[in-house]
Amino acid sequence: TLLASAPELARNDRAGAHPYSSSAIGYRGLVELLELRGDDVSISRVVQRIEQYDRGLMILTPGWRDEALDEDLYLEEPALIILPKWWGVTDRENRRWQSEIDLRSPTNNAASLIQYDPDVAVEHIKAPSRIRTPDGIFEPRIYEKLQVIISDEFTSIISAPRGQLLSVIPGTEIYVLSDPDLANTFGLSEPHNAAMMLGILDYIRQGDDTPIVFDATMHGFERSASLLKALLDVPFIGATLTALAAMLLLGWTALVRFGSPIREARANALGK
């Protein structure tokens, strides 16, 4: 059982831009913030299409890979794509932290959106002091540069100078947040950032009781399948337990004698 469950039992809080990470660019802080607020939050390690997630909003956090999202995998709604902005070097002494982080190239950060708009671009600009959102006016504190989307195809929901901060792909409910500093652990240390991010999620969900699912499969946390694990899961667990019980009973009968021993008889019986 331990051998079959080893991948799930392994430590997952390693540095990176994923929902298990408590490092500066990770999203564990957002998961815990939503849990403390009483929201229904979960982290998915199963590869499924978004249309199979009828439980609520799915949040995708692409990492360092400069590749487009799988077009067949991410088609339906609702979903929120949080673009990458930082790259980091994992600390050798503590793999939960990063010893160094720096801004990624804006060109690479737009790779996951090319399938929706081939001409989409991402740019780093000076962060404005105030940003107007559907939930009100906020004063977010962005470290170094604010990352925005430049696209003629996307519909802007929250605008920023020379670009879009929150966009929606027309004809869908797939939203794109350009700057992850509103959602990662480092950014959530600022109250205005946290309040603005919660307002964005509430706007997208259109309901406080809608569950939120963070995808972790794109960061290598996919739950692996194996024959051994299948034998220990429904529907085969019943047959597995029955086989184990039969083996125990056979072993017991081989070790323990039942009834009185049979007396040895003559080699040649008496009589005719």
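Up top you'll find the structure we're talking about.
What you see is a predicted model, and the numbers here were worked out from it, not measured in a lab.

Engineer: Describe the overall build of the protein chain, listing the residues and the values that go with them.
Structural biologist: Helix and strand counts for the protein chain stand at six helices and 13 strands. Counting every position in the protein chain, which comprises 272 residues, the buried fraction comes to 42%. When contacts within the protein chain are restricted to residue pairs at least 6 apart in sequence, long-range pairs at least 24 apart make up 61% of them. Just so you have it, the protein chain exposes about 15,800 Å², and 53% of that area is on carbon and sulfur atoms.

Engineer: Requested: an account of the pattern of salt bridges, with residues and values cited.
Structural biologist: The full count for this structure, using the stated rule, is ten salt bridges. The salt bridge involving Asp-179 is made with Lys-85; its shortest N-O contact spans 3.0 Å. In this pair, Asp-179 sits in the loop between strand E12 (174-177) and helix H4 (191-205) while Lys-85 sits in the loop between strand E3 (79-82) and strand E4 (86-90), placing the two residues 94 residues apart along the sequence. Neither Asp-179 nor Lys-85 differs from the other in exposure class; each is buried. Asp-202 is paired through a salt bridge with Arg-205; the nearest N and O atoms lie 3.1 Å apart.

Engineer: Describe the packing of helix H2 (residues 28-36) against H4, and please don't skip the residues or the numbers.
Structural biologist: At a minimum axis separation of 12 Å, H2 and H4 run at an interaxial angle of 70 degrees. Between H2 and H4, the angle is such that the two are roughly perpendicular. Along its contact with H2, which presents Leu-30, Leu-33 and Leu-34, the element H4 presents Ala-194, Met-197, Leu-198 and Leu-201.

Engineer: Lay out a nonpolar patch on the surface with the relevant residues and their values.
Structural biologist: Taken together, Leu-3, Leu-227, Leu-228, Leu-231, Leu-232 and Phe-236 make up a surface patch of nonpolar side chains, about 590 Å² in accessible area. No other element matches the three residues that helix H5 (residues 227-231) contributes to the nonpolar patch. Taking the relative accessible area as the measure of exposure, Leu-232 reaches 31% and is therefore partly exposed.

Engineer: Tell me what's going on with the environment of Ser-22, and back it up with residues and numbers.
Structural biologist: By the element assignment, Ser-22 lies in the loop between helix H1 (2-9) and H2. For the pair Ser-22 and Arg-96, spaced 74 residues apart in the sequence, the C-alpha separation amounts to 6.9 Å. Beyond its immediate chain neighbours, meaning those up to four positions away, Ser-22 contacts Asp-13, Arg-28, Arg-96 and Thr-185.

Engineer: Let's hear about the packing of aromatic side chains: which residues, and what values?
Structural biologist: Inspection of every chain in the model, using the stated rule, returns two aromatic pairs. Seen in terms of ring centroids, Trp-86 and Tyr-143 are 6.0 Å apart; in terms of plane orientation they differ by 35 degrees. Their pairing is tilted. With Trp-86 in strand E4 and Tyr-143 in the loop between strand E8 (136-138) and strand E9 (146-150), this residue pair connects regions lying 57 residues apart in the sequence. When the ring of Tyr-143 is compared with that of Phe-186, the centres are 5.7 Å apart and the planes differ by 75 degrees; the resulting orientation is edge-to-face.

Engineer: Lay out the nonpolar core with the relevant residues and their values.
Structural biologist: By size, the foremost hydrophobic cluster in this structure holds 36 residues, and its most contacted members are Leu-80, Leu-177, Met-197 and Leu-201. With seven residues, the single largest contributor to this core is H4. Leave out the neighbours within four places in its chain, and Leu-177 touches Leu-80, Ile-81, Ile-82, Leu-83, Leu-165, Leu-166, Leu-182, Met-197 and Ile-200. Listed in part, the 15 residues of the second largest apolar core include Ala-110, Leu-113, Ile-149 and Ile-174.

Engineer: Please provide a residue-by-residue account of the pairing of E9, values included.
Structural biologist: Of all five residues that make up E9, four are buried, and the element is covered over most of its length. As paired elements, strand E6 (residues 121-125) and E9 share five bridges and run antiparallel to each other. The residue of E9 that forms the bridge with Val-122 is Ile-149.

Each value, and the rule that gives it
Residues numbered from 1 in each chain as written. Predicted model: local features only at pLDDT ≥ 70, side-chain atom pairs only at ≥ 80, totals over all residues. Heavy atoms only, no water. Helix = DSSP H or I, 4+ residues; strand = E, 2+ residues; numbered from the N terminus. Buried < 20%, exposed > 50% of the residue type's maximum accessible area, 1.4 Å probe, protein only. Contact = heavy atoms within 4.5 Å. Areas by Shrake-Rupley, 256 points an atom, 1.4 Å probe, with all protein chains shown as cover. Salt bridge = Lys/Arg side-chain N within 4 Å of Asp/Glu carboxyl O. Axes fitted to C-alpha atoms, helices over the stretch in contact; angles between N-to-C directions. Parallel < 35°, antiparallel > 145°, perpendicular 65-115°, else oblique. Patch = residues over 30% accessible without salt bridge, like charges linked within 9 Å, V, L, I, M, F, W, Y side chains within 5 Å. Phe/Tyr/Trp six-rings, centres within 6.5 Å; stacked < 30°, edge-to-face > 60°. Core = buried A, V, L, I, M, F, W, Y, C linked by side-chain atoms within 4.5 Å. Pairing = 2+ DSSP bridges.

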